[in-house]
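Structure at a glance
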Amino acid sequence: MARPPQSLKKGIFTLEIVVDILVYGVWMACLCLASFSIVMFGFGDGNLGSGCNSRYSEECDTVFRARATTFVCLTWFALFLAWEMVNMRRSFFRMQPKSKRYFTQWMYDVWRNQFLFWAVIAGFVTIFPTLYIPVINHVVFKHTGISWEWGIIVVEAILFFGGVESWKWAKRVYFRRNAKKTGQADLEAMVFSRYLNSDSVSSEGEGQVDEKKVG
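Residues numbered from 1 in each chain as written. Predicted model: local features only at pLDDT ≥ 70, side-chain atom pairs only at ≥ 80, totals over all residues. Heavy atoms only, no water.

This part is about the pattern of salt bridges. When the charged atoms of two side chains lie near each other, side chains of opposite charge can form a pair. Under the definition given, this model contains 7 salt bridges. Glu16 is the partner of Lys171 in a salt bridge, and the nearest nitrogen-oxygen pair spans 2.8 Å. Pair noted here: Lys171 is in helix 7 (residues 149-182) and Glu16 is in helix 1 (residues 15-42), with a separation of 155 residues, a long-range link. Each member of the pair, Lys171 together with Glu16, is buried. Taken together, the shared-partner salt bridges connect Glu16, Asp20, Arg89 and Lys171 into one network. (Salt bridge = Lys/Arg side-chain N within 4 Å of Asp/Glu carboxyl O. Helix = DSSP H or I, 4+ residues; strand = E, 2+ residues; numbered from the N terminus. Buried < 20%, exposed > 50% of the residue type's maximum accessible area, 1.4 Å probe, protein only.)

This is how it looks when you write it as structure tokens:
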């Protein structure tokens with residue numbers, strides 16, 4: 001509600017949203033591929049095993065660990081992105097630009113939408129059964145429990161946040177410069193100006209009619 005409404009002719013998928021989807025999707029894909037490759041070929045022996053899509057064995061342990069790491073990374077990215085998309089341009093850490101809580105405002109913003117908060121928490125919690133409960137991990141999801149791989153996940157989560165924040169910063173710079181070039185400093189006022197003018201005109205017209213009636 002803080003932003004001006006857009007034309008219904010544009011539909012839901014505006015150019016900005018489509019570009020965002022592509023940018024975030026590519027960034028998530030790159031990080032997920034990196035996590036799999038680091039576990040599989042960086043710290044592992046690169047042995048993809050045989051029949052690892054149907055059963056778990058010692059030969060497939062590295063593949064299962066790489067899958068689990070990639071799965072957690074992808075899940076974390078999706079959950080973090082849900083919070084980032086509360087506002088498509090403002091930083092996650094400064095959703096309220098006028099706030100004096102420079103380092104803690106994001107905590108209040110996260111808690112403000114409690115439905116989203118608990119949905120994200122539920123997403124985090126459900127990760128652990130898929131990794132550590134027998135049968136569910138090996139048979140259903142083709143994963144296995146991980147240990148040191150959590151370090152890779154944390155680093156990749158930081159990189160994901162950095163990439164999203166950098167993109168949103170670039171968008172803010174672009175739209176601000178574009179607004180200055182076109183002389184549209186206050187976009188919200190411009191969007192609503194015609195409605196405000198029409199209201200004032202109609203009120204003036206009503207006043208004139210009333211004067212005539214009185215006369």
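From this point, the narrative continues.
Take the nonpolar core next. Counting residues in each nonpolar core, the largest one holds 29 residues, and the members touching the most others are Trp76, Phe80, Trp83 and Phe160. For this core, the secondary-structure elements that each account for two or more residues are helix 1, helix 2 (61-84), helix 4 (114-125), helix 5 (127-132) and helix 7. Looking at which element gives the most residues to this core, the answer is helix 2, with 9 residues. Among residues more than four places away in sequence, those in contact with Phe160 are Trp27, Met28, Leu31, Phe77, Phe80 and Leu81. Val39, Val63, Ala66 and Ile152 belong to the second-largest nonpolar core, a separate cluster that totals 5 residues. (Core = buried A, V, L, I, M, F, W, Y, C linked by side-chain atoms within 4.5 Å. Contact = heavy atoms within 4.5 Å.)

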